[in-house]
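# Summary of structural features
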Amino acid sequence: MAIITFSIDGEHYSAREDQTILEIAREHKIPIPTLCHLDGLSTVGACRLCLVEIEGSAKLQPACTAKPVEGMVIRTNTDRLKKYRRTIVELLASEGNHQCAVCVVNGHCELQNLAYEVGLDHVRVPYLFPSKRLDATHKDFVIDRNRCVLCTRCVRVCHEVEGAHVWDIGGRGINCEIIGDMNQPWGESESCTSCGKCVRVCPTGALFEKGATVGEMHKERGFLKYIVTARNKQQWIATAHEEE
Amino acid sequence: MTMSTTITIAPVTRIEGHAKITIQLDEHGDVADARFHVNEFRGFEKFTEGRLLWEMPGITSRICGICPASHLVTSAKAGDDILAVEIPETAEKLRRLLTLAQWLQSHALSFFHLSSPDLLLGFDADPAQRNVFGLIAHDKEFARRGIRLRKFGQEIIEMLGGRRIHTPWTVPGGVREPLDPARRDAMLAWIPEARETVGIALATLQKMHGKYAKDIPEYGNFRSLLVGLVSKDGGLEYYDGFLRIMDGNGNTIADKLDPKKYFEYFGEAAESWSYLKFPYYKPFGYPDGMYRVGPLARVNICDFIETPLAEAERKVFKALSGKAGVVNNSFYYHYARLIEMLFAVEKIEQLLKDPAILGSTIRSDASINRAEGIGCSEAPRGVLFHHYHVNKDGVIQKANLVIATAQNNIAMNRTVRQLASHFLDGRNGKITEGMLNRVEAGIRCYDPCLSCSTHALGQMPLHVRVLDADNHVVDEMMR
Ligand code: SF4
Ligand code: FES
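Residues numbered from 1 in each chain as written. Chains lettered and ligands numbered in written order. Predicted model: local features only at pLDDT ≥ 70, side-chain atom pairs only at ≥ 80, totals over all residues. Heavy atoms only, no water.

### Regarding the packing of aromatic side chains
Residue and element names in this part refer to chain B.
- Under the definition given, this model contains 20 aromatic pairs over all chains.
- A network of ring pairs unites the aromatic residues Tyr262, Phe263, Phe266, Tyr281, Phe284, Tyr291 and Phe385 as a single cluster.
- Across the ring face of Tyr238, the terminal group of Arg96 is positioned such that the distance to the ring centre comes to 5.1 Å.
- One residue, Arg414, lies across the ring of Phe222, its end atom 4.6 Å from the ring centre. (Phe/Tyr/Trp six-rings, centres within 6.5 Å; stacked < 30°, edge-to-face > 60°. Lys NZ or Arg CZ within 6 Å of the ring centre and 35° of its normal.)

### Some points on the domain arrangement of chain A
Residues and elements named next belong to chain A.
- Entries for chain A in the domain assignment read domain 1 (3-77) and domain 2 (131-243).
- Across the contact, 10 residues belong to domain 1 and 13 residues belong to domain 2.
- Buried surface at the junction of domain 1 and domain 2, summed over both partners, amounts to about 890 Å²; 63% is from carbon and sulfur atoms.
- Considering only the surface of domain 1 that becomes buried against domain 2, Leu35, Leu38 and Leu41 emerge as the three largest contributors, covering 55% of it.
- In this structure, the connection of domain 1 to domain 2 is made through 0 salt bridges. (Domains from an automatic or database assignment. Contact = heavy atoms within 4.5 Å. Buried area = accessible area lost by both parts, 1.4 Å probe. Salt bridge = Lys/Arg side-chain N within 4 Å of Asp/Glu carboxyl O.)

### Here we look at the sheet that holds strand 5 (residues 73-75) of chain A
All names here are of chain A.
- One open sheet holds the 5 strands; their spatial order is 2-1-5-3-4, and the pairing between them is mixed. Two strands close off the open sheet at either side, each with one partner strand: strand 2 (11-16) and strand 4 (61-62).
- Two strands pair when backbone bridges link them, and strand 3 (residues 51-54) and strand 4 are joined in this way by 2 bridges, in the antiparallel orientation. Bridging across to strand 4, Leu51 finds its partner in Pro62.
- Contacts from helix 2 (residues 79-95) reach strand 3 and strand 5, with the element oriented near 155° to strand 3. (Pairing = 2+ DSSP bridges. Helix = DSSP H or I, 4+ residues; strand = E, 2+ residues; numbered from the N terminus. Axes fitted to C-alpha atoms, helices over the stretch in contact; angles between N-to-C directions.)

### Concerning the sheet that holds strand 6 (residues 225-230) of chain B
Residues and elements named next belong to chain B.
- Spatially, 8-7-6-11 is the arrangement adopted by the 4 strands of the open sheet, whose pairing is mixed. Edge positions in the open sheet fall to strand 8 (252-257) and strand 11 (291-292), since each of these has one partner strand only.
- Relative to strand 11, strand 6 runs parallel, the two sharing 2 bridges. Note that in strand 11 the partner of Leu226 across the bridge is Arg292.

### A short note on the nonpolar core
- The biggest cluster of nonpolar side chains holds 100 residues, and the ones touching the most others in it are Leu94(B), Leu97(B), Phe111(B), Leu160(B), Phe317(B) and Ile348(B).
- Residues Val89(A), Val149(A), Ala206(A) and Tyr388(B) belong to the second largest nonpolar core, which totals 64 residues. (Core = buried A, V, L, I, M, F, W, Y, C linked by side-chain atoms within 4.5 Å. Buried < 20%, exposed > 50% of the residue type's maximum accessible area, 1.4 Å probe, protein only.)

And the structure:
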């Protein structure tokens, strides 16, 4: 595999040509915020938080999907990017009902962490306060769509890893929402295996274990790396699980 | 020529928790009626609909910044009822500890921070001085002790909740984490100082009873029903037990009532001029079924207090009642509050020394087993009820919260009326600073949990308007 060289934020790096900018940045501890991306799942480039600037191109590129080419000049942390990222998080915050103070993942939520990361001290657009559906019909789990950011991680993990394909996106535009079994109550789903993978990969408190109280829901995601390594490399490495 | 006059007192510097007072005069310039308007919107009941039972302690504890733990405990108890579980012994003891810590913290705030400036510096002292800062200037040690006593209560709450404010540590079925021995010891270390501070507060208040002997009879001195929990054997209670109702002559008119049947005994009237509901005892109707809750009621209705120092003080308190057999004067809310602080300190020590407090079995697991649940406990300001209806998945269909301040609502109006009649200047409908100060102090006896009542570390923002019968402004005062 060919090795290419390029620069990120003024430093020179080299990498294999099949690596994404995000992978390379992570290898070198260059922080780029992400939300829809999760190692072990397919990449959709949907949330746009990982956008980076590429010299000579007016278009911003998502680091999770874009791959560098020889001589590329990449910037990950310009004022323009910071502004965009903050705006994205603001829009996410205003679109749902994210009451961190009373949320099951308060203190360990990816959206909350992102908000801190981008310096979201207030939201400049009006909150929509939508009235979204909460479904607690499953015996073990709950989906509260008020807290969903439509990252589709649950959809992907269920389809790609568990193979059950319970979840889909229903609706259009601002009315999009996660639906199970073609919009049936979760408790009546015949395809759901109750494995809980969707709950664990969900970055917010949208999917959680029933009975969890404020801040009590910790999402343990190491399982994904374990399964994916086992499947792709036929290596059953317990540490891959424990690392996270 | 207009004859009757309306005076309105309203706060101006705060948006949430706003309250105002209207005093209605008759043609002779005498006070005909007084209304303490509480315009707090009780939106919590509405927006908890559709949420999950397990979230309720966390959500409802946000209602009040001063007594979050009372909502935590009461909400968790409503949850126990819906899960249909009995909680482990350790969990109950820990919840009791939390409840008492909340009493201590809130009562200390009420007495030292909010009421002491009035009492020690005088009701007519310069408002710029009549606050906690003025108190510090006047008696630094006294103020410091008060602040530390409150801190003791707060520290217990924080240590139980894992050092985080508002952590919903009580949950349906029990509590979230056991108490670790190091924290138990840290709590115990506070006890001697706390006991001493409450003693000093009691001695100070006794002096004030002498100093204000002339004023005190005007501070809401009337008969009303008194309602609260008593333990199974009739003692002062804070977490569980039965409801007891006593009349203004000291007769127990109902006893051993199951708190879960609250809604059979009490109704809630609504008035167009207040968002706060007006609970009343059904057999007596509205407004005759008016009752008072909180420290004054609790210390009056119980047969004894289980800890020695507080019990001795209760007897002194009871002696104030003379022939009536019941202390009817709202000014003595302060006294009752201090007795409860003493009890809280003694009882906290007992609980902490009980080996069961360190147990590790703390949470009963169950799913939804009832469609309806009621939780009841004694919050610092009086008996508190949470009543939930859920569907089979635990989603709240309807919630009703009956808070102490609402239950004292009618009594607060009576108190304001009495004070206004006594202190209103002459017959010209003119508002005086002296009357404002007394009305403010009168409301403070009840320690209502409105944001405005604790605002500005001492002084309530007030807006007073005098209106005549045709609603023309004759006098207006703002501060
Ligand atoms: S439920 Fe969670 S994982 Fe699924 S789309 Fe919404 S936020 Fe993402
Ligand atoms: S992480 Fe790259 S677009 Fe979401």
